[in-house]
Amino acid sequence: MKNLNLQIEQLSKELFAYDKSFMEHEKEVKQLIGQLLQAKPDTKFDENFALMLRQQLMQKVENLKTEKTAGTNFNWRMALWPALAVVVLVVSGVALNQNKKTDTTVELLSGNIEIDRVDNNAFGKLALEPVAFGRGSGGGGGAETMSDSVTVTQTTVSGTAGNSALTTLTAPQATAEPAIGFSAGMGGGGSGTDAKMIAPYPSIRYVYKGDELILDQTEVNVYRRQKGLTSSAANQFLKQLRFGLLDMTKFNNVSIDSINLMENKEYGYNIMVNFRDGIISVNENWELWPSPTKECQTPECYDAARIKPNEVPADSELISIADGFLKDHGISTQNYGKPEVMDYWRRELAAATDMTQVFIPDIASVVYPLILDGKQVYDEGGSPSGLVVNVNIRAKKASGIQELAVQKYQASAYQGETNVDRILKLAETGDFRQIYYGMETGENTEVIELGTPTKSLLKIWQYKNGSSEELYVPALVFPVISAPKNPGNYGYYNKTNVIIPLAKEILDSNNNGGITPMMR
Amino acid sequence: MEITQEQLITRCQAGKLENFGGLYDAYVRKIYDFIFYRTMHKETAEDLTSLTFTKALERINTYSPEKGTFSAWLYQIARNTLIDGYKQNRPLDPAEALENFASKENLEDQTNAKLNLEKVHKFLGNLDEEKWEIITMRVWDGLSYKEIADVLGKSESSCKMTFSRTIEKLNKEVAFALIYLLIMKAG
């Protein structure tokens, strides 16, 4: 109010100075200016948007610098140089070339972001993989697909009981991301999910309550991460290796597929570099991490060692630990958005009637959502997707990282969906795969409201010719703006967003719901 | 020691573009709001804000303090971006935008205040584009007359005159509308 009065005074003063006749109507003029100021609309400014745009611009800055340095035409190519992470293999000069150099640094995996524009529809037909729908495989819950090329266990960290993904499109490697979202599954520790159990759960109806949508992009960019790496430097190094037991030079066309490194100290790490996928993961070197359950032989022992809610650090502390680890290990977060703790167990705890039944994991996951071409990446459950730092709650130390990936992409234009009704209808099913759409609903169906969506990218996997492709498809993320009144009735409702892809082919490929029931 | 805006600009123009972040931080909210007031659409405002800053980054070397303030230069880019991008699809029509906006939850609940604001919106919507721009730039965006003049390519005195005449007109019309409402209520 004080600020408003100051503004009224300032503007009135200017008017009076310009034309003294206004002073005859001083009260009315001030009232009018006050009304004009009050009529200023709430602009719904989104801090996250500002953050993401800043990151995009800083990437652009790097791009412009590179452009100047290279002197090449980068109109079609964004070469971004944030030092995400660079795996540097420091090879001793003795091993590599004793006579010429004392040491040589060979860069095997670069953290630079590169996006190459390729022809329209360059990735072939886009189609959703069938969703696995069957019995989980225990532990943190799991799922299997009918696909003969892939068998996936979507592993939650440290065997987290509770939400197992019915698969978030079958990632080819175990991931540290906790299973998320109602529509992404409601598996359980130990027994997984039986399809027959699903019908009573989804007594939820989504209703869009956001602003009017305008979809005018007839073409949208789909991104494919380029995974296959051939490192001539590394392979050159291989040629010079001599093991006592065999002569490596006698093998032909040898390339490095992966490296597994161990840090041999208390709280040391196991570093896995997967050259084929261009991904680095770091985990506890478990033999060197103390744990009270290590020697446990009985259920009572495990129960006694269970983590209690008050032992879990606040999210801010978990993020601070994760930030510290990344900083210490030279991993830039420039390509990533604001970190978020995946603490779904807190909601389970809040909704639980018997708190002792809620399992609190030893590991908390902090997700730094990937920002690709200025848009934040989400998984199919509508949760942020990107670099994951795991924090060991007992040790209050970072215990590893997942999805530290080489950031090299191709971008290809595909037909965009401009039918607003279709998008909203899909959003109101709560899941673009429509797994639960049309299923029997219970008497106590709850209405959940969805707000105005933001533009984002959806990370999906597509299988072609026996190998997986990592795609990032433009999508709208609709925030859940009203939680169910009785979340416990829904197998613990965890959904914070509903995500709907905007690539028409993806939507068209899902007409049957994309469900392949798993039979045994 | 705090870096001034002028220093940030100089550094950017010397090739140290990472300093653009400081300029962005100072203006992102203002530019977004400026665009939102003219589109009344969050997504569109975000898209055009993004375009504005991308253009500003690419053209930072073309900015010269002799031609006006950095603020005016940036608003000018935002305004041109609005005209180029937004107008192609939907005309920049203050009446339409404000009518759309006024029908939503943004107005105050109190009946009289709401009526007043509705009237203000209505009268703002009836203004021609130039008057509307000058009023909103001065009152909502908080630009100085010098900056408004630079953005619109007019003289400072002309902007001042338009502002005062428009206020005079609005004052009469709003007052008339309120009297009319009171009579109708009494009747």
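Residues numbered from 1 in each chain as written. Chains lettered and ligands numbered in written order. Predicted model: local features only at pLDDT ≥ 70, side-chain atom pairs only at ≥ 80, totals over all residues.

(A) Expanded view of the overall build of chain A. Helices and strands together make up the secondary structure of chain A, namely 10 helices and 22 strands. A total of 520 residues make up chain A; the buried ones form 41% of that total. In chain A, once contacts between residues fewer than 6 apart in sequence are set aside, the share between residues at least 24 apart is 67%. (Helix = DSSP H or I, 4+ residues; strand = E, 2+ residues; numbered from the N terminus. Buried ≥ 20, exposed ≤ 12 C-beta atoms within 10 Å, placed from the backbone. Contact = placed C-beta atoms within 7 Å.)

(B) Broad picture of the overall build of chain B. Scanning chain B for helices and strands turns up 9 helices and 0 strands. N-terminal to C-terminal, the α/β element order of chain B is α-α-α-α-α-α-α-α-α. Considering chain B as a whole, with its 187 residues, one finds that 39% of them fall into the buried category. Looking at chain B alone, contacts between residues at least 24 apart form 62% of all its contacts between residues at least 6 apart.

(C) Local environment of the pairing of strand 9 (residues 269-274) of chain A. All names here are of chain A. In this sheet, strand 9 lies alongside strand 8 (residues 258-262) in antiparallel orientation, the contact comprising 5 bridges. Its bridge partner lying in strand 9, leucine 261 is registered against isoleucine 271. The antiparallel hairpin formed by strand 8 and strand 9 contains 6 residues in its connecting segment, where tyrosine 267 sits at a positive phi of about 60°. In this sheet, strand 10 (residues 279-284) lies alongside strand 9 in antiparallel orientation, the contact comprising 6 bridges. Across the sheet, residue isoleucine 271 finds its bridge partner in strand 10, namely valine 282. Counted between consecutive antiparallel strands, the loop separating strand 9 from strand 10 contains 4 residues, among which glycine 278 sits at a positive phi close to 65°. (Pairing = 2+ DSSP bridges.)

(D) Region of the structure containing the confidence of the model for chain A. All names here are of chain A. Per-residue confidence for chain A gives a mean pLDDT of 72; residues scoring 70 or more make up 67%. For chain A, per-element mean pLDDT is lowest for strand 1 (residues 77-80), which scores 30, and highest for strand 15 (residues 386-392), which scores 95. Counting interchain partners and residues more than four positions distant, the pLDDT-below-50 stretch residues 132-202 has 207 contacts. pLDDT under 50 marks residues 512-520. Its contacts with residues more than four places away, or in other chains, come to 26 contacts. (pLDDT = per-residue confidence, 0-100.)

(E) Quick look at the nonpolar core. Counting 133 residues, the largest nonpolar core has Ala322, Val389, Val391 and Val473 of chain A as its most contacted members. With 11 residues, the top contributor of residues to this core is helix 2 (residues 20-39) of chain B. When near neighbours in sequence (up to four residues on either side) are disregarded, valine 391 of chain A contacts Leu318, Ile321, Ala322, Ile363, Ala364, Val366, Ala398 and Ser399 of chain A. (Core = buried A, V, L, I, M, F, W, Y, C linked by C-beta atoms within 7 Å.)

(F) Geometry of unusual backbone geometry. Residue and element names in this part refer to chain A. If you check the backbone angles, tyrosine 267 has positive phi at about 60° while not being a glycine. Along the chain, the position of tyrosine 267 falls in the loop between strand 8 and strand 9. The exposure class assigned to tyrosine 267 is partly exposed, which follows from the 15 C-beta atoms found within 10 Å. With a phi angle near 65°, glutamate 403 is a residue other than glycine that sits in the positive phi range. A tally of 21 C-beta atoms within 10 Å means that glutamate 403 is categorised as buried.

(G) Quick peek at the sheet that holds strand 9 of chain A. Residues and elements named next belong to chain A. Across the sheet, 7 strands lie side by side as 8-9-10-16-15-12-11; this open sheet has antiparallel pairing. Both edges of this open sheet fall to strand 8 and strand 11 (340-341), since each of them pairs with a single strand only. Relative to strand 15, helix 7 (residues 315-328) is tilted by about 110°, and along the sheet it contacts strand 11, strand 12 (363-369), strand 15 and strand 16 (397-405). (Axes fitted to C-alpha atoms, helices over the stretch in contact; angles between N-to-C directions.)

(H) Inspection of helix 2 of chain B at higher detail. All names here are of chain B. Its axis deflected by about 50° at tyrosine 27, helix 2 carries its strongest bend there. Of all 20 residues in helix 2, 14 are buried; the element is thus mostly enclosed. In the stretch just after helix 2, methionine 40 is the one whose phi turns positive, near 55°. (Bend = angle between axes of the 7 residues up to and from the residue.)

(I) Main features of the environment of glycine 278 of chain A. With respect to the helices and strands, the residue glycine 278 of chain A is situated in the loop between strand 9 and strand 10. Sequence-wise, glycine 278 of chain A and arginine 225 of chain A are 53 residues apart; in three dimensions their C-alpha atoms are separated by 9.5 Å.

(J) Broad picture of the interface of chain B and chain A. Every contact between the two is made by 36 residues of chain B and, on the other side, 33 residues of chain A. For the side of chain B that touches chain A, the secondary structure elements donating two or more residues are helix 2, helix 3 (42-58), helix 6 (111-126), helix 7 (129-139) and helix 9 (156-186) of chain B. Sort the elements by how many residues they give to the side of chain B that touches chain A and helix 2 of chain B lands first, with 9 residues. Residues belonging to the side of chain B that touches chain A are distributed by class as follows: 20 nonpolar, 10 polar and 6 charged. (Nonpolar A, V, L, I, M, F, W, Y, C, P; charged D, E, K, R; others polar.)

(K) View of the packing of helix 2 of chain B against helix 3 of chain B. Residue and element names in this part refer to chain B. Between helix 2 and helix 3, the least distance of the axes is 9 Å, while the angle of their chain directions is 140°. Considered as vectors, helix 2 and helix 3 are oriented oblique to each other. Every pair of crossing elements has a handedness; the one defined by helix 2 and helix 3 is right-handed. Residues Phe20, Tyr24, Val28, Ile31, Tyr32, Ile35, Phe36 and Thr39 of helix 2 form the contact with helix 3, whose participating residues are Thr44, Ala45, Leu48, Thr49, Thr52, Phe53 and Leu57. Residues of the contact of helix 2 with helix 3, tallied by class, amount to 11 nonpolar, 4 polar and no charged. (Parallel < 35°, antiparallel > 145°, perpendicular 65-115°, else oblique. Left-handed = near helix turned anticlockwise from the far one by under 90°.)

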